[in-house]
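What follows is each chain in one-letter form.
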Amino acid sequence: MNDADKQTGHEELWKQVFGEGHPVLVKKQRRFLSWPNDPRCKLCYAPFAGFGGFFVRLSGTMPSDRNPHYCNKCDSFLQAFPGGAEVLMTVLILDIRGSVDLSGKISPKLYADTVNQMREITSEIIAANNGFILEFQGDSVVAVFPPGFTGQDHAEKGIATAREILKQSLKIVGTDQTLSVGIGVHTGSVYICTVTAAGGNMQGVGVFGQNVNLVARLSAAADAGQALVSIEAASEAKLDCDNENTAELELKGLESPQQVVRLDF
Ligand SMILES: [Zn+2]
């Protein structure tokens, strides 16, 4: 997220969109989710393909030229109301284990195909749990589960997403080898806001703050095929920690040890 300028302003509006759910947006999201097909606008879930895609085009909704992850209407909205707010939500970060090693072993093309395939599979799971995928960062995936999108059970859905991703048999394209990922899940207050990416053309949404760093640390500390869930996310989701594999971990850059729940495939 270093290549982006975070923006401030319109705090009440963004608090409503991500914290509580904006009535107009929520109505659109509910309607569009029941229409086929993926891919969809990341904000309002308007379908871009299939019958649903055809139908929304009739009302003038289509992928934005500048910003293909969003529809033209949501893109105009992001442009018109740059800013952000601090909202309590669940954040999930996933990344590929041994990516440096792997990119040295297979061709750049196969590596790119592998990353794209992983993104496609995980994006579907994240979307099915009402998560919001932020701009893809290299070979990792950053997703947020804001209550305004996901509902009050955002931590449960974030953890369910991690469990479902771990169950997938992700493969290195062109081989039979398994692609290993590590996942971090945490619930906390983050600053979520519009960002302008390099060149000023692409408008997107990013998250910032200490709690985002914590998820990144959890994700980095997870073993291959493992998710580390912070105790905050676990208690928000009312996980029965007595029956879970808990541990206390020293994480790089954090002063005190963190209590985590380990989810293994
Ligand atoms: Zn949209």
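Cut-off values and rules
- Residues numbered from 1 in each chain as written.
- Predicted model: local features only at pLDDT ≥ 70, side-chain atom pairs only at ≥ 80, totals over all residues.
- Heavy atoms only, no water.
- Donors = N, O, S within 2.8 Å, 3.2 Å for Na, K, Ca; no water.
- Tetrahedral: all angles 85-135°; square planar, octahedral: opposite > 155°, others 65-115°.
- Helix = DSSP H or I, 4+ residues; strand = E, 2+ residues; numbered from the N terminus.
- Axes fitted to C-alpha atoms, helices over the stretch in contact; angles between N-to-C directions.
- Parallel < 35°, antiparallel > 145°, perpendicular 65-115°, else oblique.
- Left-handed = near helix turned anticlockwise from the far one by under 90°.
- Contact = heavy atoms within 4.5 Å.
- Nonpolar A, V, L, I, M, F, W, Y, C, P; charged D, E, K, R; others polar.
- Domains from an automatic or database assignment.
- Buried area = accessible area lost by both parts, 1.4 Å probe.
- Salt bridge = Lys/Arg side-chain N within 4 Å of Asp/Glu carboxyl O.
- Buried < 20%, exposed > 50% of the residue type's maximum accessible area, 1.4 Å probe, protein only.
- Polar contact = N/O pair within 3.5 Å; in protein donor to acceptor, adjacent residues only side chain to side chain.
- Phe/Tyr/Trp six-rings, centres within 6.5 Å; stacked < 30°, edge-to-face > 60°.
- Lys NZ or Arg CZ within 6 Å of the ring centre and 35° of its normal.

Another point: the coordination of the zinc ion. Looking at the zinc ion, the protein donor atoms are C41 (SG), C44 (SG), C71 (SG) and C74 (SG), and they sit 2.3 to 2.4 Å from it. If you look at the zinc ion, its four donor atoms make angles of 103 to 117° with each other, and the shape they trace is tetrahedral. For the zinc ion, all donor residues lie on one chain, and their spacing in sequence is C-x2-C-x26-C-x2-C. In this pair, C41 is assigned in the loop between helix 2 (23–33) and helix 3 (50–58) and C71 in the loop between helix 3 and helix 4 (72–80), connecting sequence segments 30 residues apart.

Let us now look at the packing of helix 6 (residues 108–128) against helix 8 (residues 154–167). One way to put it is that helix 6 packs onto helix 8 with a least axis distance of 9 Å and a crossing angle of 150°. As the angle between them shows, helix 6 and helix 8 are arranged roughly antiparallel. Between helix 6 and helix 8 the crossing geometry is right-handed. Contacts from T122, I125 and I126 in helix 6 reach T161, E164 and I165 in helix 8. Split into classes, the residues belonging to the contact of helix 6 with helix 8 amount to three nonpolar, two polar and one charged.

Turning our attention to the domain arrangement of the protein. Segmentation of the protein into domains returns domain 1 (14–80) and domain 2 (84–264). The distance between the C-alpha centroids of domain 1 and domain 2 comes to 23 Å. Between domain 1 and domain 2, the contact holds 22 residues from the first and 22 residues from the second. A combined buried area of about 1,800 Å² lies between domain 1 and domain 2, and 57% of that area is made up of carbon and sulfur atoms. The tally of links between domain 1 and domain 2 comes to zero salt bridges.

Moving on, we come to the side chain of Q258. Take Q258: it is sitting in strand 9 (residues 258–264). On the basis of relative accessible area, Q258 is assigned to the buried category, the value being 15%. Within the local environment of Q258, its side chain forms a polar contact with the backbone oxygen of S256, the two atoms lying 3.3 Å apart. Setting aside residues up to four positions removed in sequence, Q258 forms contacts with L214, A247, E248, L249 and L251.

Quick look at helix 1 (residues 11–20) now. Buried within helix 1 we find L13, W14, V17, F18 and G19. Buried residues belonging to helix 1 abut helix 2, helix 4, strand 2 (84–96), helix 7 (147–150), strand 5 (181–196) and strand 6 (203–208).

Attention now goes to the pattern of salt bridges. Under the definition given, this model contains six salt bridges. Here K109 and D113 are joined by a salt bridge, their closest N and O atoms 2.7 Å apart. Note that K109 and D113 are positioned in helix 6 at a spacing of four residues, about one turn of the helix. Across the salt bridge formed by D153 and K157, the nearest N and O atoms sit 3.4 Å from each other.

Moving on, we get to the packing of aromatic side chains. Tallied over the full model, the rule gives 10 aromatic pairs. Ring centres 6.4 Å apart and planes at 90° place the aromatic pair Y45 and F149 in the edge-to-face group. Remark: F149 occurs in helix 7 and Y45 occurs in the loop between helix 2 and helix 3; sequence separation between them is 104 residues. F149 sits in the buried class, given a relative accessible area of 8%. Taken together, the ring pairs connect W14, F18, Y45, F77, F81, F132 and F149 into an aromatic cluster. We note R31 situated over the ring of F32; from NZ or CZ to the ring centre the distance is 5.0 Å.

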